[in-house]
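Each chain, letter by letter, is given below.
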Amino acid sequence: MGKINAATTHNRDATNGRKEHPPPVETNGMGSETKGNGVSNGKTRDATMAVRPDSALKRLWEKTVMPILLMAATPSAVFILWFCAAHCGGSYACIGNIFHDKGLLGGTAFIWSHVHSPSPAIVAILVSYSAFALCLMRLVPGNTVYGPLTPKGNRPQYTDNGFSCFLITIAAFLVVTVVCKTYFSVSPTIVYDRFDEVLLVLNIFSMLFCLLLYVKGLLAPSTSDSGSSGNVIFDYYWGTELYPRLLGFDVKVFTNCRFGMTVWPLLVCVFALKSYELHGPVDSMLVSALLQMIYFAKFFWWEAGYMCTIDIMVDRAGYYICWGCLVFVPGFYASVSLYLVNRPVVLGLPLSLLIFTLGALSVYVNYDADRQKLYVRNAQGECLVWGRKPVILRARYLLDSGETRESILLASGWWGLARHFHYVPEILLAFCWSVPALFDNVMPYTYVIFLTCLLVHRCFRDDTKCSLKYGRYWDLYREKVPHQMVPYVF
Ligand SMILES: NC(=O)C1=CN([C@@H]2O[C@H](COP(=O)(O)OP(=O)(O)OC[C@H]3O[C@@H](n4cnc5c(N)ncnc54)[C@H](OP(=O)(O)O)[C@@H]3O)[C@@H](O)[C@H]2O)C=CC1
Ligand SMILES: CC(C)CCC[C@@H](C)[C@H]1CC[C@H]2C3=CC=C4C[C@@H](O)CC[C@]4(C)[C@H]3CC[C@]12C
């Protein structure tokens, strides 16, 4: 974490003091500036907390009830999904019957009773993988890149080695698979056979890890972007630090990228291998797995850009992000491939090609939109977007220290269609890697349904965050780009 400005202990949340926003500056490409009468929205600049003058009831819901409900339900959710794939042939009707017969608690207990205690083999695999990932994270070279300035004036620093780490990990997986199968007659598909154990180990580890992060954030924070909200439940759920480091490792790089986003592709490979062992080559599994692998390659190619997104610059390292990336991503995001192991579908070449092409196009559009935003910001607007000068808004905002900074908001290209148009191809792609399962069951569409809800909610979250950060500049941008996600619709 490279320090740019000395952190300040001054807390504007407490005073709720009204601060003047510097006047809006709008430019067309590199063109002239027009000044408006910037009036403050009087809100906090601490986007990590996104504090608003909410009603007590709303705060109780958001800071206590909702976190408790989520933390109570989500660990069981991943086991229900596993149980559905492994014991119910992917049918939610079967799960529904269990809950109908046994009630909510009885049904949940019934499913948990099928979860085995972790075997030493599974613990060893997970510990070995984590150690391997940490070694790569430390040893693989990469350019030094910087994240966005935090509200406290810190600028996080990363080694951009995600793509190399990803390639090395997949290569290592292939080597381990061949060696294990050839010399020891063991297959990595043990991970599929004992996926309940995997999920249990990950759950236990990640909950303890979140506790450690909670205490560390209060006692020994790595940066000044930390602190308590005064509510233990919310602090555990949301986290007490934005950029924690442990033993010199950036925690969010590990949980989000080197664990969640790397274990997911490994699981896709394991599930595809299991499908191959059971049924031979199956085109539906192949199309789904290939699209996901392209998506992962894109993610790691763009990893430095990911470091400038909401997960990293807004979400603190607590249950939501850390448990989410350590358990929910492996247990839930890989669920389409998990489903396909027991439900092979033959698509035929024309349908396979059609789905693959649509999916590949979606990855490209999503990548290009993410890239466009970074490109214009890095070039300070001195560039072309879709062959023209970009329409940009130079939005000023205040740090907690009271200093003024400026960001560029792009209002043309993909970012001129809607404020979060890039979510559309993200959803379309998820649909493309789910649809090879065809329409026998709802389970393979669980991820795409969840993703749609997550991204719609994220549109509103990001709007609030940007509105608090940029005030009237954001209002100006909203006037220019009125739709949230789908042009003329939403
Ligand atoms: N599969 C999944 O579960 C999910 C995938 N994603 C994917 O992750 C990627 C990143 O998405 P996400 O994290 O939501 O973040 P975004 O890429 O939407 O980034 C949001 C931030 O970008 C800045 N910004 C907003 N509008 C503009 C603009 N017009 N011009 C320039 N900067 C702007 C703001 O930050 P600033 O403070 O810098 O101005 C804003 O907070 C996407 O590809 C998305 O599809 C996202 C969520 C879930
Ligand atoms: C507690 C749970 C119910 C919710 C946990 C949610 C998190 C696991 C996910 C929230 C946002 C997700 C992501 C955001 C952006 C991403 C970039 C994309 O290119 C790849 C996927 C991802 C890293 C994705 C991963 C899961 C979340 C962190």
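Definitions and limits used
Residues numbered from 1 in each chain as written. Chains lettered and ligands numbered in written order. Predicted model: local features only at pLDDT ≥ 70, side-chain atom pairs only at ≥ 80, totals over all residues. Heavy atoms only, no water. Near = heavy atom within 4 Å. Polar contact = N/O pair within 3.5 Å; in protein donor to acceptor, adjacent residues only side chain to side chain. Areas by Shrake-Rupley, 256 points an atom, 1.4 Å probe, with all protein chains shown as cover. Helix = DSSP H or I, 4+ residues; strand = E, 2+ residues; numbered from the N terminus. Nonpolar A, V, L, I, M, F, W, Y, C, P; charged D, E, K, R; others polar. Core = buried A, V, L, I, M, F, W, Y, C linked by side-chain atoms within 4.5 Å. Buried < 20%, exposed > 50% of the residue type's maximum accessible area, 1.4 Å probe, protein only. Contact = heavy atoms within 4.5 Å. UniProt positions renumbered as here; feature names shortened; annotations may be inferred. Disulfide = S-S within 2.5 Å. Phe/Tyr/Trp six-rings, centres within 6.5 Å; stacked < 30°, edge-to-face > 60°. Lys NZ or Arg CZ within 6 Å of the ring centre and 35° of its normal. Salt bridge = Lys/Arg side-chain N within 4 Å of Asp/Glu carboxyl O. 1 Å grid on protein atoms, 1.4 Å probe; cavity = no way out; pocket = protein on both sides within 12 Å on 5 of 7 lines; lining within 4 Å. Points joined across faces, edges and corners; volume = space filled by probe spheres on them.

(A) Structural detail: the site of ligand 2. Tyr295, Phe299, Asp311, Gly324 and Tyr333 are the nearest of the 16 residues found near ligand 2. Tyr295 places a polar side-chain atom, nitrogen or oxygen, 3.4 Å from an oxygen atom of ligand 2. Taking 600 Å² as the accessible area of ligand 2 by itself, protein coverage stands at 92%. At the level of secondary structure, the elements contributing two or more residues to the shell around ligand 2 comprise α2 (56–87), α10 (283–301) and α13 (319–333). Here the element with the most residues in the shell around ligand 2 is α13; it accounts for six residues. Here the residues of the shell around ligand 2 sort into eleven nonpolar, two polar and three charged.

(B) View of the nonpolar core. Judged by nonpolar contacts, the single largest core of 112 residues is most densely connected at Phe195, Trp264, Phe271 and Trp433. Per-element tally for this core: the top contributor is helix α9 (residues 251–279), with 14 residues. Those residues in contact with Phe195, other than ones at most four positions away along the chain, are Trp82, Leu267, Phe271, Pro330, Gly331 and Leu338. One finds Cys383, Val385, Cys466 and Tyr473 within the second-largest nonpolar core, a separate group that totals 25 residues.

(C) View of the UniProt feature "transmembrane region" (unreviewed entry) in the chain. Per the UniProt record, "transmembrane region" (unreviewed entry) is annotated on residues 68–99, 119–140, 161–186, 198–215, 317–341 and 347–367. The distance separating the terminal C-alpha atoms of residues 119–140 is 31 Å; by composition the span is 91% helix and 0% strand. Across residues 161–186, helical content stands at 88% and strand content at 0%; the span's end C-alpha atoms are separated by 31 Å.

(D) Local environment of the environment of Ile111. Tracing the backbone through its elements, the reader meets Ile111 in helix α3 (residues 92–112). Classification of Ile111 by relative accessible area gives buried; the value is 1%. Remark: the alpha-carbon pair of Ile111 and Gly471, spanning 360 residues in sequence, is separated by 49 Å. Beyond its immediate sequence surroundings of up to four residues, Ile111 is in contact with Phe79, Ile80, Phe83, Ile95 and Phe99.

(E) Expanded view of the state of the cysteines. A full pass over the atoms with the stated rule returns one disulfide. Here Cys88 engages in a disulfide with Cys94; their sulfurs sit 2.3 Å apart. On the S-S bond that ties Cys88 to Cys94, the torsion sits near -40 degrees, and the link is left-handed. The class of Cys94 is partly exposed, set by a relative accessible area of 25%. We note that Cys165 lacks a disulfide partner, and the nearest cysteine sulfur, in Cys257, lies 9.9 Å from it. On the basis of relative accessible area, Cys165 is assigned to the buried category, the value being 3%. Cys459 supplies the cysteine sulfur nearest to Cys453, a cysteine that is in no disulfide, at a spacing of 12 Å.

(F) Representation of the packing of aromatic side chains. Here the structure, examined in full by the defined rule, presents 46 aromatic pairs. Aromatic pair Tyr319 and Trp323: ring centres 4.9 Å apart, planes at 5 degrees, arrangement stacked. Remark: Trp323 and Tyr319 occur in helix α13; sequence separation between them is four residues, near one turn of the helix. Judged by its relative accessible area of 4%, Tyr319 falls in the buried class. When its relative accessible area of 2% is taken as the criterion, Trp323 is described as buried. Its end group placed over the ring of Tyr375, Arg371 keeps NZ or CZ at 5.4 Å from the ring centre.

(G) Layout of the pattern of salt bridges. All told, the structure shown has 15 salt bridges when counted by the stated rule. Residue Lys216 pairs with Glu241 through a salt bridge whose shortest N-O separation is 2.8 Å. Of the two residues, Lys216 is situated in helix α7 (residues 195–219) and Glu241 in the loop between α8 (232–238) and β7 (245–246); the sequence distance between them amounts to 25 residues. Glu241 matches Lys216 in its accessibility class, with the two residues each being buried.

(H) Looking closely at unusual backbone geometry. At Ser185, a residue that is not glycine, the phi angle is positive and equals roughly 50 degrees. You will see that Gln380, though not glycine, has its phi angle at about 55 degrees, which is positive. In this fold, Gln380 is placed in the loop between α15 (349–378) and β9 (391–398). Judged by relative accessible area, which is 43%, Gln380 ranks as partly exposed.

(I) Focus on the layout of surface pockets. Within this model, the second largest pocket holds a volume of roughly 630 Å³. Looking at the second largest pocket, it is lined by 23 residues, and the ones nearest its centre are Ile125, Tyr129, Phe173, Val176 and Val191. Breaking the lining of the second largest pocket down by element, the ones donating at least two residues are α4 (120–139), α5 (162–184), α6 (190–193), α7 and α9. At six residues, α5 tops the list of elements feeding residues into the lining of the second largest pocket.

(J) Quick look at the site of ligand 1. Around ligand 1, the structure places 30 residues, and the nearest of them are Tyr423, Asp462, Lys465, Lys469 and Tyr470. Contact between ligand 1 and Tyr423: an oxygen atom at 2.3 Å from a side-chain N or O atom of the residue. The separation between an oxygen atom of ligand 1 and a polar side-chain atom of Asp462 is 2.6 Å. When ligand 1 is considered free in solution it has 910 Å² of accessible area, and contact with the protein chains removes 95% of it. Counting residues per element, the ones that place at least two in the shell around ligand 1 are α12 (310–313), α15, β10 (404–410), α17 (423–434), α18 (446–470) and α19 (472–480). No other element matches the ten residues that α18 contributes to the shell around ligand 1.

(K) Geometry of the environment of Asp225. Tracing the backbone through its elements, the reader meets Asp225 in the loop between α7 and α8. Looking at Asp225, the relative accessible area reads 4%, which means it is buried. As a C-alpha pair, Asp225 and His483 span 258 residues in sequence and 32 Å in three-dimensional space. When neighbours within four sequence positions are excluded, Asp225 is seen to be in contact with Thr150, Pro151, Lys152, Asn154, Thr240, Glu241 and Leu242.

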